[in-house]
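# Structural features, examined
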Amino acid sequence: MSDDDLIFENNRSQSEQKALIDWTGERYVPWVDLGTPEIHYEHLHRYFFASQFVEGKKVLDMASGEGYGCAIMAEKAAEVTGVELDEKAVKHAASRYPLPNVRFIKGSITEVPIQGEKVFDVITCFEAIEHIEEHEKLLIEVKRLLKDDGLFIISSPNKLLYSDKPAYQNPYHVRELYFDDFCGLLTKFFRYVCFLGQKVFPISSIWPLGTGEGFLKEVCVRKADTGFIQVGVQEKIPLYFIAIASEQQLPEGNRFSTLTDVSEELVAHLRRIVGEKEQLLAEAKREFSIEKEALSAQLAEKEKHILQLEENLTNLTNQLSTREKEFLEEKERLEARIAEKKQRILELEQSLADLSNNVSTREKEFLEEKEILEVQLNEKERTIAHLEQSLNEFRRHLTEKDAEVSLVHNSLGWRLIQKYRRVMDRLFPLGTSRRKFYEMAQKGLKIALTEGPFMLGRKATQKAIQYFGSYRKTFVVSDQQDREISQECGVSAINSIFYVNSFHSDTVSSCISVIIPVKNAGSELESILKKIRFQRGIKEVEIIVIDSGSTDGSLDIARSWADTILTIDPKEFNHGTTRNLGAKSARGDILVFTVQDAIPVGDYWLKTLVNPLLHLPDVAAVSCRQIPRSDADLFACWSINNHYKLLRLFKDEIFKADESYWKTKNLLEKRRRASLDNVCSAIKRIAFEKEPFKPMKFAEDLELGLRLLKAGWGIGFLHSVGVIHSHNRSPFYFLKRSYLDKKVLRSLFEDPFFADTIVPNLGSLVFTLNCFNYQLKAWGMLLNNLEEISYDYAKQKLNEALSYCFENNNNEKKNGGIRDKFLFDKEIEKLLEKLKCVAEGCPENCIETIKHDILASSYQFMDYLSHTQILPEISEVVSAIYKIFAVVIGDWLSRANLPEEFVLALEEGV
Amino acid sequence: MKILYAVHQFFPYYYTGTERFVLNLAKQMQYMGHQVQVLTYCITDERGWSRLNRDLMYRRYIYKGVRVLALKHAVVPEDVSFSILNDCMVSALDALIREDFDVVHIAHPMRVGSVYTLAKKRNIPLILTLTDFWLLCPRAQLIKPNSQLCVSPKEGEECANGTCYDYTMRQRIIDRYFASKKLWQNVTVKVSPSRFLASIFQVNGWSSQGEILWVRHGIDYSTVTPMPKKKKTKSDPVIFGFIGTLLYTKGVHIALEAWQKVRSDNAYFYVYGPCFHEVEYFERLKRMANGDQRIRFLGSYDHKELPRIMSELDVVIVPSIWWENSPLTLLISLAYGVPVIASNIGGMAEFVGQDENGWVFPVGDTSALAELIEKLTENPQIIADKASQISKPPRIEEEAFYYETIYSKLK
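Residues numbered from 1 in each chain as written. Chains lettered and ligands numbered in written order. Predicted model: local features only at pLDDT ≥ 70, side-chain atom pairs only at ≥ 80, totals over all residues. Heavy atoms only, no water.

## A closer look at the sheet that holds strand β2 (residues 35–41) of chain B
Residue and element names in this part refer to chain B. In space, the 9 strands of this open sheet follow the order β3-β4-β5-β2-β1-β6-β7-β8-β9, with mixed pairing throughout. Strands with a single pairing partner mark the edges of an open sheet, and in this sheet they are β3 (50–51) and β9 (213–214). With 8 bridges joining them, strand β4 (residues 56–63) and strand β5 (residues 66–73) adopt antiparallel strand pairing. Paired with I62 across the bridge in β5 is R67. (Pairing = 2+ DSSP bridges. Helix = DSSP H or I, 4+ residues; strand = E, 2+ residues; numbered from the N terminus.)

Here it is in structure tokens:
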């Protein structure tokens, strides 16, 4: 490696210089703004300090780095050489400080690439020794290059203060020195050593004004654009003046004085202030950014708005121009039309003139014609006069004849004939068959007299054929009519998959037995039996009535319409056994079970009901849909609709039970598929003989349904066949019915939630019940305006009303005073009161659950109102809610193990 | 299902058979879980109308739990009961009827016929129940002012030959005829309460055999509460009755003329009903009955009185000289178990049947009627026998059940 390679001398001007090295955190570069000027002070001060010893000398700067040190010393020295290990730094220094008396060499400070011995007057080595391991080798190299009277100026960080105290480890430093090590190293190589300290302190400085230099070698610097530059002492401007004055010569001595705060409180104070300011600044910045964001959002919106407005403006402008165009076109068109109209007016005026000419011509013609007609009229008048004359003649003739007739009437013969006719009328009155025979005989006699007895015989035979023939014909026609009706009345369109094809087939030839248990059925029984008796499309209908002690004449009615009447003791009545009894005496292949108040819909009810049984061999039984009577109350309508809604029975369906059916825990689904309904059901005799009803007081139909499913039969529900059947009954009736219904259902379907629970004390509900009366009436008023309010709102208000009743039932005494005089159903109140005596306690959450159940059902009821948009009378709605209450209580009682007397009371009359 | 019923007039101001049919059907549909609304027209000057636009006003109200939307013109046009469509009503209906109905059921298209364009626009199936001949005959009854019965308007030519309408009306009537036929063709299902009514539309070539379904009108039996009848002895008088409005076409004069020929003193004729606007006719009837102790004019009656009235009558006479379609009086009488004497034409003959529910006499034949009255008076047992074998008209629930089936097929 030759010297030329190592020396970088550059003659380019400084302004063109470009930094070739960066601030790494270790090597000092004077142009970098580090926030704090401390590091500048330290580095610059060392070189300015050294400058006082280099005037006219040959200097070596070891580890010259960025090169600024060499440049400072070159001001006074004759020649400065910088040696630096980093090539980039050497290139940088050479290009940045292209001074004639400076050169930079690439090389190590322990092996400086300069030949010879005792070359330099001064050698500087600042903050370099801690970067190398071989300190002694450095000193040996210094010794080699330094002249005998030369100066070696070196600096090194104090390890104690630099690293130990702050527990700081500078990663670039290889070996730092304590003072003792530093002292030992230098005294080993040099005879005279003077040790100095350096640290940046906040100080108070006192110095002599205007008297030039004193004892102290003071260096002043100022921050310029390019970094710190050295300036004269005169730039130092005092904040305070101090004077030493005397009549005598002022004493010699040091005019300089510095006060040094070793605790550096000023710095700390400034740092604190800076910290606070920074915090404030950060906060301000944050606020600013938020504000900025908001403003920019606003701005964006405004801009959007502006864009929209601009767009609108464009649109409007477009529209305006279109409109203007249209307007102009329209104007043109109108002007054209006006011109046209004007033309037309002229034409019309012309034709008017023509017409008036015409009219006058016609008038003339008319007058002429009138004359002709008048002549004709005179002619006719003459003819009439002639005819009148003839008429008078006829009248005269008639009078003469009348006179002759009255002569005859008065004669004896005529009177005898009249007498004979009256006798005959009495013997053979008009309209009777006697008369017919009389007339026939008369005719016969006439024929015999005029045409002979043979002719009489022939005509009589013809008549007979005609008579019987026509009878047969009538019969056939009525049969045809029968079918026509079925088509025309839409029955054929009505019916479902099961019998659409079979409908037109012939009359059902097998006998159908209809079995009806009866007890005091009332006035409707006759029309129902008659309707069943005259069902169309069935060859033979057998009606079997089983009476259990009717006292209202039902038995007499049954006698005139039923084929078989069985009577049983009312005490022996139960739904299962009674029907089995009827079935036993039935002749039919299909047994139809119905009730005394179910009215069949239509004349083909029976045929459409039994049709699936005739055509589907694996179906054992079907039942049909119930529809509410036209006088049904709201509760009755809702409960029928809700029943089908819950069981999802909306169409004709056949149900069978597979394995999953027996496993399912879904009780509704179980019930849905087994829903045989004895209000109107039809069962095949062969199935029924194997599986008759069980002697049950209730739900014997459902029980049979389950058994039939188990036996592998299918069960049908016919939505398309109906009976009219509904009850308007008291809340207590529904309580009892719900009690029985739930009790039987639970046992039938093995409800897992069913367990005999304690007899609940529902006595507190008596008050709730009374409270209902007032609250529900008030709520009902709201329904008056259902048109304006929503059903949801009505529901919410109902919830509030019911909650009020329940929440206050514990404060019976407190609120006892506002009891309503009207009790909605005394029977229920009595029952609840009686229950108090036998109650075993009130299960937890019992009342809360009852309230919940009532609300749930009431909501379903409100949904029905909402769905049908019925706007009912308030009293009907309130009554329905009462009945819902009764049903829920019945449900609750069914869970309890009630004493015998209660069970009997609850099962009576359902 | 959501059902819209359209009828030319409705309760509470109008309460003839058609209105009752709509109310009963609508209520029963609600009972069976469906949503209903009635669209109607009202000419009264009641308050509470809201102005919809320049031409039309509307009012929403509730009658017996059923929602009603009534329309009315600001100035009622002279042809409101004549035209099939009304232009300004078409758009009004679209604005006022917001619900999405599954079925539109027209019970009478007069004044509300425009609803068919709404149904067409929204693709809703349309069902029409025939109640009279209005679609064929602007006078609705197919009877000419000279009492002559008409069978066919002959595409309007017959109407404008001077008997019913003047020749100047010819074009309007022909236009009306074809507008009407267009409405008819847009109806999905046509229903008639009597086979006779359907046959008239068949004769006129509007429908083929079996196209019109036959669903008889049902009676609301919850209002039919017969009182027990007094057991008659032979000497008790036989009581005949007429129930209904005293109009010329109802043929009350035929009955009275026949009565003049009845000799028996043991028969009475009770005439129930108001005369409405036909005051002159009423005067004529009174003159005809003048001095006859057996005839009593008992004036208008309330529906609630029917059980009592029916319990005292032995036979009801329906002597109408027009076809009648499904006469409510006749059906109510049968529902109460009272046999009927009726003219042998149209719906009357159909419902009385071949000697089934009473007797028929040739229309307008006063002698035949008189003879029948005499016969029954002399032998009241015939009446009792007939009464016991009457087959009662169907129930409203049954009628609703059939209609529900029809609707569900359309939905």
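## Quick notes on the environment of A:D792
Residue and element names in this part refer to chain A. With respect to the helices, strands and loops of the structure, D792 is situated in helix α24 (residues 791–807). Residue classification places D792 among the exposed positions, given a relative accessible area of 55%. For the pair formed by D792 and M862, sequence separation is 70 residues and the distance between their alpha carbons is 8.7 Å. (Buried < 20%, exposed > 50% of the residue type's maximum accessible area, 1.4 Å probe, protein only.)

## With respect to the packing of aromatic side chains
Here a ring pair, both rings aromatic, is described through the centre-centre distance and the interplanar angle of the planes. Residue and element names in this part refer to chain A. Following the criterion strictly, the structure yields 38 aromatic pairs over all chains and no others. Ring geometry for F152 against F190: centres 5.9 Å apart, planes inclined by 25°, an arrangement best described as stacked. Remark: F190 occurs in the loop between α7 (179–189) and β7 (203–206) and F152 occurs in strand β6 (residues 146–155); sequence separation between them is 38 residues. Taking relative accessible area as the criterion, F190 reaches 19% and is therefore assigned buried. Pairing F635 with F734 gives two aromatic rings, centres 4.7 Å apart and planes at 70°, and the pair type is edge-to-face. Here the residue F635 occupies a position in helix α17 (residues 634–646), and F734 occupies one in helix α22 (residues 731–748), the gap between them amounting to 99 residues. (Phe/Tyr/Trp six-rings, centres within 6.5 Å; stacked < 30°, edge-to-face > 60°.)

## Remarks on the interface of chain B and chain A
Listed by partner, the interface residues are 33 residues for chain B and 42 residues for chain A. Both sides together, the interface formed by chain B and chain A hides about 3200 Å², and carbon and sulfur atoms give 53% of it. Considering only the surface of chain B that becomes buried against chain A, B:Y31, B:R67 and B:F401 emerge as the three largest contributors, covering 22% of it. The partner of B:E404 in a salt bridge is A:R625, and the shortest N-O contact between them spans 2.7 Å. Joining chain B to chain A, the criterion identifies 14 residue pairs in polar contact (both at pLDDT 80 or more). Put simply, the parts of the chain that give the side of chain B that touches chain A at least two residues each are α1 (17–31), β2, β4, β9 and α13 (396–410) of chain B. No other element matches the 8 residues that α13(B) contributes to the side of chain B that touches chain A. Taken together, the residues of the side of chain B that touches chain A sort by class into 13 nonpolar, 11 polar and 9 charged. (Contact = heavy atoms within 4.5 Å. Buried area = accessible area lost by both parts, 1.4 Å probe. Salt bridge = Lys/Arg side-chain N within 4 Å of Asp/Glu carboxyl O. Polar contact = N/O pair within 3.5 Å; in protein donor to acceptor, adjacent residues only side chain to side chain. Nonpolar A, V, L, I, M, F, W, Y, C, P; charged D, E, K, R; others polar.)

## Here's the deal with the sheet that holds strand β10 (residues 238–243) of chain B
All names here are of chain B. Reading across from one edge, β12-β11-β10-β13-β14-β15 is the order of the 6 strands in this open sheet, with parallel pairing throughout. Both edges of this open sheet fall to β12 (295–299) and β15 (358–361), since each of them pairs with a single strand only. Here the strands of the sheet are splayed against their neighbours by 25° on average, with no regard to which way each runs. Here strand β14 (residues 340–343) runs beside β15; their pairing, made up of 4 bridges, is parallel. From the neighbouring strand, I341 faces β15, where its bridge partner is W359. (Axes fitted to C-alpha atoms, helices over the stretch in contact; angles between N-to-C directions.)

## Section: a nonpolar patch on the surface
Together, A:F49, A:F53, A:L151 and A:L196 make up an exposed nonpolar region whose accessible area comes to about 350 Å². Position of A:F53 relative to the elements: it lies in the loop between α2 (38–51) and β2 (58–62). (Patch = residues over 30% accessible without salt bridge, like charges linked within 9 Å, V, L, I, M, F, W, Y side chains within 5 Å. Areas by Shrake-Rupley, 256 points an atom, 1.4 Å probe, with all protein chains shown as cover.)

## Quick look at the environment of A:I724
In this structure, A:I724 sits in strand β19 (residues 714–724). As a C-alpha pair, A:I724 and A:R629 span 95 residues in sequence and 5.7 Å in three-dimensional space.

## Regarding the nonpolar core
B:L39, B:F133, B:L135, B:F201, B:F240, B:F269 and B:I341 are the most contacted members of the largest nonpolar core, which totals 110 residues. If one sorts the elements of this core by residue count, helix α6 (residues 252–261) of chain B sits on top with 6 residues. Once residues lying within four places of it in the same chain are set aside, the contact partners of B:F269 are B:F240, B:G241, B:F242, B:A255, B:L256, B:W259, B:R294, B:I295, B:R296 and B:I317. The next biggest cluster of nonpolar side chains, apart from the first, holds 96 residues, and it includes A:I544, A:L709, A:A886 and A:L893. (Core = buried A, V, L, I, M, F, W, Y, C linked by side-chain atoms within 4.5 Å.)

## Section: the confidence of the model for chain A
Of the residues in chain A, 83% have a pLDDT of 70 or more, and the chain-wide mean is 81. Predicted confidence for residues 461–504 of chain A stays below pLDDT 50, and this span has 60 contacts to residues more than four positions away or in other chains. (pLDDT = per-residue confidence, 0-100.)

## With respect to the confidence of the model for chain B
On average, chain B scores 92 in pLDDT, and the residues at 70 or more come to 100%. Here the complex is predicted with pTM 0.63, and the ipTM for its interfaces comes to 0.90.

## Some details on the side chain of B:S114
Residue and element names in this part refer to chain B. Here S114 shows up in the loop between β6 (103–106) and α3 (115–121). In terms of polar contacts, S114 uses its side chain to reach the backbone amide nitrogen of N86, at 3.0 Å. Discounting residues that sit within four places of it in the chain, S114 has contacts with I84, L85, N86, M89, V90 and L93.

## Section: the pairing of strand β13 (residues 315–318) of chain B
All names here are of chain B. Both faces of β13 are covered, namely the face carrying V315 and I317 and the face carrying V316 and V318. Bridge analysis of β10 against β13 gives 2 bridges, and the strand direction is parallel. Residue pairing for β13: G241 is matched across the bridge by V316. Where β13 meets β14, 3 bridges bridge the pair, whose relative direction is parallel. Bridged to V318 within β14 is A342.

## Observations regarding α24(A)
If you check α24(A), its first and last C-alpha atoms are 24 Å apart, about what 17 residues at 1.5 Å a residue would give, namely 24 Å. Turning to α24(A), its buried residues number three or more, namely A:Y791, A:A794, A:K795, A:L798, A:A801, A:L802, A:S803, A:C805 and A:F806. On its buried side, α24(A) packs onto α23 (765–783), α27 (846–868) and α28 (874–895) of chain A together with β5 of chain B. (Expected span 1.5 Å × (residues − 1).)

## Considerations on the packing of α17(A) against α27(A)
Residues and elements named next belong to chain A. Between α17 and α27, whose axes approach to 10 Å, the crossing angle comes to 100°. By the angle class used here, α17 and α27 are roughly perpendicular. Between α17 and α27, the residues in contact are L634, C637, W638, N641, N642 and L646 and S857, Q860, F861, Y864 and L865, respectively. Here the contact of α17 with α27 is built from residues that sort into 7 nonpolar, 4 polar and no charged. (Parallel < 35°, antiparallel > 145°, perpendicular 65-115°, else oblique.)

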